[in-house]
Amino acid sequence: MKTRPSLSRSVLSVYAYGLIILMLIPMAALVPISFGDSATMSALPEHYSLRWYREVLGGSQWRESFSWSLVTAGLATLISTAIGYLGAYLLVHSTSKMKGVLEIILLMPVMVPTVIVAFSTYILSNWMPADSNWLLIAVGQALLGLPIATLIIAAGLRDIDVSIIRAAVSLGGQRHQVFLWIILPMARHGILSAAALSFLIAFDELLVAVFLTKPGLETLPVRIYDAVTYELTPAIAVVSVFLMALIALALIVGNCLKSRGTNAPH
Amino acid sequence: MAEVNTAAAPAPRKRLTAPDLQWLALTVVVLFMLATFIAPLLQVLFLGVTDDGGNFTFAPLKELFQNGSLRHVILQTAFTAAEVSLCCLIIGYPAAYYLSQLKGKMATLTGIAILFPFLTSSLVRTFVFMVILGRTGLLNSLLKALDIPGTPFKLLFNQAGVVIGMTYVLLPYMLLSLIGTMRKIDPVLLNAARSLGAGPTTIFLTVYLPLSLPGVAAGTIITTILGFGYFVTPALMGGPSETMIAQLVEQRIVVMYDMHGAAALSLIMLAIVLAVYAIAARWLGLSRMMRPHG
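These figures come from a predicted structure and were not determined experimentally.

Novice: I tried to follow the overall build of chain B on my own but got confused; where do I start?
Specialist: Scanning chain B from N- to C-terminus turns up 14 helices and 0 strands. Listing the helices and strands of chain B from first to last along the sequence gives α-α-α-α-α-α-α-α-α-α-α-α-α-α. Taking all 294 residues of chain B together, the buried fraction comes to 49%.

Shown next, in the form of structure tokens:
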């Protein structure tokens, strides 16, 4: 393609890069705040120390909510990836007329406002034993990730060449062998992305967890929400820096895997 | 007898045929969705039109409609969602236009730069803007240092704060859906238009813009509907007069234990959202709307 360097083009490029920088600067601004020394939040701390890092990492409160988040989000990821795979399999391969209905049912949790999905999960908790709240938080979080997981896995399955599967079957491959050795490796990328996104959605989920929270069962977003509402200390900046570092790490790892995947000969 | 038989001569292992597997998968998926989502959702809708005894009544809905402040909240919510989505589109379109034409390393880098805020917790991103827009926040400190008159500006706990915060949180959705669509626009078409003598403005208005409209529609619908149901940003960055519907539902459940009221509110919310979807689906298609960049 011919590119003519023109004034409007350079204005556009400045604008585009400027916007990206503007999107990133606010997040970078949290780093100095997290090293602040005072008991209250200040945008430009006068003294720097590791005080709030010690407070967050040393205290049990943040660690406890972090592990609750890991538990519920991990479980949610398992559920939404498994159900999402089955749903995607049906959406891609089923010839039934019910496919349209199934698609709507699977996509509904993302169409319906989150607060209503959370409300449904809260209703569900009235039908279940009282100590099952942690499980139901995972279920509610799984519902929110399910539509996206289904779509990502379905896109992966659609890319698989059916003739390869036919070849495997004609060579005598049993169904489970075909699934394990042919379909799963080819759908791997979609399944992994679906799992990663489901995890992030579940880990960031607030409302389901707010409705089902009780003493001793507090996920990280609930803890952050409470802290922002009532305390507003640099501890929140510390936790935010941690979360951002995790995302950055995940992006780098994901990108390395992806470029390795595209470079590998097929 | 039957036991002896099978032990003596095991029947050839029955292989699940594809239709069988499909039925199994369908049963699992439908049962899961029924038990965890459809049934409780129906219960929510049922609660919205019944009283404590389970008798059918429009009282909760009527109460909401007679309540003047609720009408204000619905309008406020719809207005904020529309405003935010428009901001995202105006800010995002020119940038997406440029970014969609990048290739190679720059395309990867800018892609990551957009994904980073997109994937970072929306709570964290909202908190970031509370730090920036506050009375003693970064922006006001900066403006004060520059001796701009009128500082400190009140940018938090009002409509401006909510719109700025939500635009920041939702902008990546718009960018990703715009870039996804724009990448698929065939440059050959633009070259053809150029070789036929069209000027840059004509090419943009008659070729490029119409071809990018699916992305515009998808991004606008996603940001509008997400904005309409948004909780975190208005709850943390808005004042009492910026209350949005999701907050009312949360208050009714957590503070007031008023399930019927919360359910009636959910009914109204659902009706509005489904109406938007119905209109959008007519020219977009449902699954297309969901994965503009997939």
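Novice: When you look at the overall build of chain A in this model, what are you seeing that I'm missing?
Specialist: Of the regular secondary structure elements, chain A holds 12 helices and 0 strands. Reading the helices (α) and strands (β) of chain A from amino to carboxyl end gives α-α-α-α-α-α-α-α-α-α-α-α. Here the C-alpha atoms of chain A give a radius of gyration of 23 Å, more than 25% beyond the 18 Å that 2.2 N^0.38 yields for 266 residues. Structurally, chain A occupies a C-alpha span of about 70 × 65 × 30 Å along its principal axes. Within chain A, buried positions represent 46% of all 266 residues. Sequence separation of at least 24 residues holds for 70% of the intrachain contacts in chain A that already meet a minimum separation of 6. Averaging the locations of the 16 positively and 13 negatively charged side chains of chain A gives two centres separated by 18 Å.

Novice: Honestly, the packing of aromatic side chains in this entry has me stumped. Any pointers?
Specialist: Working definition: an aromatic ring pair is given by the centre-to-centre distance plus the angle between the planes. Tallied over the full model, the rule gives 15 aromatic pairs over all chains. Taken together, a centroid distance of 5.9 Å and an interplanar angle of 75 degrees make the contact between F66(A) and F203(A) edge-to-face. Of the two residues, F66(A) is situated in helix α4 (residues 60–93) and F203(A) in helix α9 (residues 175–203); the sequence distance between them amounts to 137 residues. Residue class for F66(A) comes out partly exposed when judged on its relative accessible area of 31%. Taking 6.1 Å as the distance between ring centres and 70 degrees as the angle between the ring planes, the aromatic pair formed by Y122(A) and F211(A) counts as edge-to-face. Of this pair, Y122(A) sits in helix α6 (residues 114–127) while F211(A) sits in helix α10 (residues 207–212), and the two are 89 residues apart along the sequence. Grouping residues by exposure puts Y122(A) and F211(A) together as buried. Among the aromatic residues, ring-to-ring pairing joins Y93(B), Y97(B), F204(B) and Y208(B) into one connected group.

Novice: Would you mind showing me how to read the interface of chain B and chain A here?
Specialist: With 87 residues of chain B at the interface, the matching set in chain A holds 80 residues. Taken together, the links from chain B to chain A amount to 0 salt bridges. At the surface where chain B touches chain A, the tally comes to 5 residue pairs in polar contact (both at pLDDT 80 or more). The element that contributes the greatest number of residues to the side of chain B that touches chain A is helix α2 (residues 18–48) of chain B, accounting for 20 residues. The residue makeup of the side of chain B that touches chain A, split by class, is 67 nonpolar, 15 polar and 5 charged.

Novice: I'm lost on a nonpolar patch on the surface in this one. Help?
Specialist: Residues and elements named next belong to chain A. Taken together, the side chains of F66, L70, L246, L249, V253 and L257 define a hydrophobic patch exposed on the protein surface, amounting to about 510 Å² of accessible area. No other element matches helix α12 (residues 234–263), which puts 4 residues into the nonpolar patch. You can see V253 is positioned in helix α12.

Novice: Looking at this structure, I do not really get unusual backbone geometry. What am I missing?
Specialist: Apart from glycine, the bulk of residues carry a negative phi angle, and the bulk of peptide bonds sit in the trans form. Of note in this structure, D147(B) is not a glycine but carries a positive phi near 60 degrees. Note on placement: D147(B) falls in the loop between α7 (138–145) and α8 (159–183).

Novice: Please clarify how the nonpolar core should be interpreted in this entry.
Specialist: When a protein is soluble and globular, its nonpolar side chains tend to lie buried together. In terms of nonpolar packing, the biggest core is built from 170 residues, with L30(A), F119(A), L157(A), F211(A), I224(A) and M33(B) touching the most fellow members. Per element, the largest residue contribution to this core is 13 residues, and it comes from α8(B). The contact partners of F211(A), leaving out residues within four places of it in the chain, are V115(A), A118(A), F119(A), Y122(A), E250(B), I253(B) and V254(B).

Novice: What should I look at first to understand the pattern of salt bridges in this one?
Specialist: Where charged atoms from two side chains of opposite charge approach closely, those side chains can pair. All names here are of chain B. Applying the stated rule across the entire model yields 3 salt bridges over all chains. We note a salt bridge from R252 to E63, for which the minimum N-O separation is 3.7 Å. Taken as a pair, R252 in helix α12 (residues 245–255) and E63 in helix α3 (residues 59–66) lie far apart in primary sequence, 189 residues in all. On the basis of relative accessible area, R252 is assigned to the buried category, the value being 11%. The exposure class of E63 is partly exposed, given its relative accessible area of 38%.

Novice: For this particular structure, what's the right way to read the side chain of T72(A)?
Specialist: Position of T72(A) among the secondary structure elements: in helix α4. Judged by its relative accessible area of 1%, T72(A) is buried.

Novice: For this particular structure, what's the right way to read the state of the cysteines?
Specialist: Applying the stated criterion across every chain yields a total of 0 disulfides over all chains. You can see C88(B) has no disulfide; the closest cysteine sulfur is in C87(B), sitting 7.0 Å from it.

Novice: Sorry if this is basic, but what is going on with the environment of R51(A) here?
Specialist: Within the element layout of this structure, R51(A) appears in helix α3 (residues 51–58). Residue contacts for R51(A): discarding those within four places in its chain leaves D37(A), S38(A) and A39(A).

Novice: Sorry, what's going on with helix α5 (residues 104–119) of chain B here?
Specialist: Side chains three or four residues apart in an α-helix point the same way, a direct result of the helix having 3.6 residues per turn. With 16 residues, α5(B) ought to run about 22 Å at 1.5 Å a step, and its terminal C-alpha atoms sit 22 Å apart, in line with that. A107(B), T110(B), A113(B), I114(B), F116(B), P117(B), F118(B) and L119(B) are the residues of α5(B) that are buried.

Novice: Even after reading the chapter, I still don't get the side chain of S121(B), so can you show me in this structure?
Specialist: Counting through the fold element by element, S121(B) comes out in the loop between α5 and α6 (122–133). Owing to a relative accessible area of 10%, S121(B) belongs among the buried residues under this scheme. A polar contact is formed between the side chain of S121(B) and the backbone nitrogen of L123(B), at a distance of 3.2 Å. Not counting residues within four places of it along the chain, the set of residues in contact with S121(B) comprises D204(A) and L243(A).

Procedures and definitions
Residues numbered from 1 in each chain as written. Chains lettered and ligands numbered in written order. Predicted model: local features only at pLDDT ≥ 70, side-chain atom pairs only at ≥ 80, totals over all residues. Heavy atoms only, no water. Helix = DSSP H or I, 4+ residues; strand = E, 2+ residues; numbered from the N terminus. Buried < 20%, exposed > 50% of the residue type's maximum accessible area, 1.4 Å probe, protein only. Rg over C-alpha atoms; globule rule 2.2 N^0.38 Å. Contact = heavy atoms within 4.5 Å. Lys, Arg positive; Asp, Glu negative; His and termini not counted. Charge placed at Lys NZ, Arg CZ, Asp CG, Glu CD. Phe/Tyr/Trp six-rings, centres within 6.5 Å; stacked < 30°, edge-to-face > 60°. Salt bridge = Lys/Arg side-chain N within 4 Å of Asp/Glu carboxyl O. Polar contact = N/O pair within 3.5 Å; in protein donor to acceptor, adjacent residues only side chain to side chain. Nonpolar A, V, L, I, M, F, W, Y, C, P; charged D, E, K, R; others polar. Patch = residues over 30% accessible without salt bridge, like charges linked within 9 Å, V, L, I, M, F, W, Y side chains within 5 Å. Areas by Shrake-Rupley, 256 points an atom, 1.4 Å probe, with all protein chains shown as cover. Core = buried A, V, L, I, M, F, W, Y, C linked by side-chain atoms within 4.5 Å. Disulfide = S-S within 2.5 Å. Expected span 1.5 Å × (residues − 1).

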